[in-house]
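Notes for the structure review
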Amino acid sequence: MYVLAATEPGKMYLGAIRQNNRSTTESPEVHFFTESVAIFPYFDAYNRFEVVIFEKGKEISLETFMEKYKDSYLHLVRINASERFFPQ
């Protein structure tokens, strides 16, 4: 996220998460995403890196996100963030 915030400012990301805890009855060829998130990486007025993550409509910390999905696959889609996005 740090590199993306530095190289592509003004972007946000929609993330689709595929967890690796599939059931044994599931076909190995079938892959599906189990969760989704919205991620806003940015640098604040003091050039400190920040990231805001929303999961199921609630903000979670980057640390919580990384711990919860540490063994999962994350597919990101980049979109332009609104100029009205002013994180506090």
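Structure's up top.
The structure contained in this document is the topic of the report that follows.

Each value, and the rule that gives it
- Within every chain, residues take consecutive numbers counted from 1 along the sequence as written.
- Reporting in this predicted model follows two pLDDT cut-offs: at least 70 for local features of residues, and 80 or more for side-chain atom pairs to be given and counted; totals over whole chains, interfaces and linings ignore these cut-offs and use all residues.
- Working from all heavy atoms in the structure, the side-chain values ignore hydrogens and water.
- At least two DSSP bridges between two strands are needed for those strands to be called paired.
- Helical segments are the DSSP runs of H or I of at least four residues, strand segments are the runs of E of at least two, and each set is numbered from the N terminus.
- Throughout, an axis means a line fitted to C-alpha atoms (over the contacting stretch in the case of helices), and angles, computed between N-to-C directions, take values from 0 to 180 degrees.
- Accessibility here uses a 1.4 Å probe with only protein chains present; expressed as a share of the type maximum, an area under 20% marks a residue as buried, one over 50% as exposed, and anything in between as partly exposed.
- Pairs of residues are marked as contacts when any of their non-hydrogen atoms sit within 4.5 Å.
- Patch construction takes residues with relative accessible area above 30% that form no salt bridge. Like charges are linked within 9 Å, and nonpolar side chains (Val, Leu, Ile, Met, Phe, Trp, Tyr) are linked within 5 Å.
- Using the Shrake-Rupley algorithm and a 1.4 Å probe, accessible areas are obtained, with residue cover drawn only from the displayed protein chains.
- One side-chain nitrogen of Lys or Arg within 4 Å of one carboxyl oxygen of Asp or Glu is enough to make a salt bridge.

**Quick word on the sheet that holds strand β1 (residues 11–18)**
Sheet architecture is open: 5 strands sit in the order β4-β3-β2-β1-β5, paired in antiparallel fashion. Whereas interior strands pair on both sides, the edge strands pair on one side only; in this sheet they are β4 (58–60) and β5 (73–80). This sheet shows a mean twist of 30 degrees between the axes of neighbouring strands, independent of strand direction.

**A closer look at the environment of Ser72**
Structurally, the position occupied by Ser72 is in the loop between α2 (62–68) and β5. Residue class for Ser72 comes out partly exposed when judged on its relative accessible area of 24%. Separated by 38 residues in sequence, Ser72 and Thr34 have C-alpha atoms that sit 10.0 Å apart. Once residues lying within four places of it in the same chain are set aside, the contact partners of Ser72 are Ile17, Arg18, Gln19 and Asn20.

**Side note on a nonpolar patch on the surface**
Residues Leu14, Val77 and Ile79 make up a contiguous nonpolar surface patch of roughly 210 Å² in combined accessible area. Here Leu14 is to be found in strand β1. Leu14 sits in the partly exposed class, given a relative accessible area of 40%.

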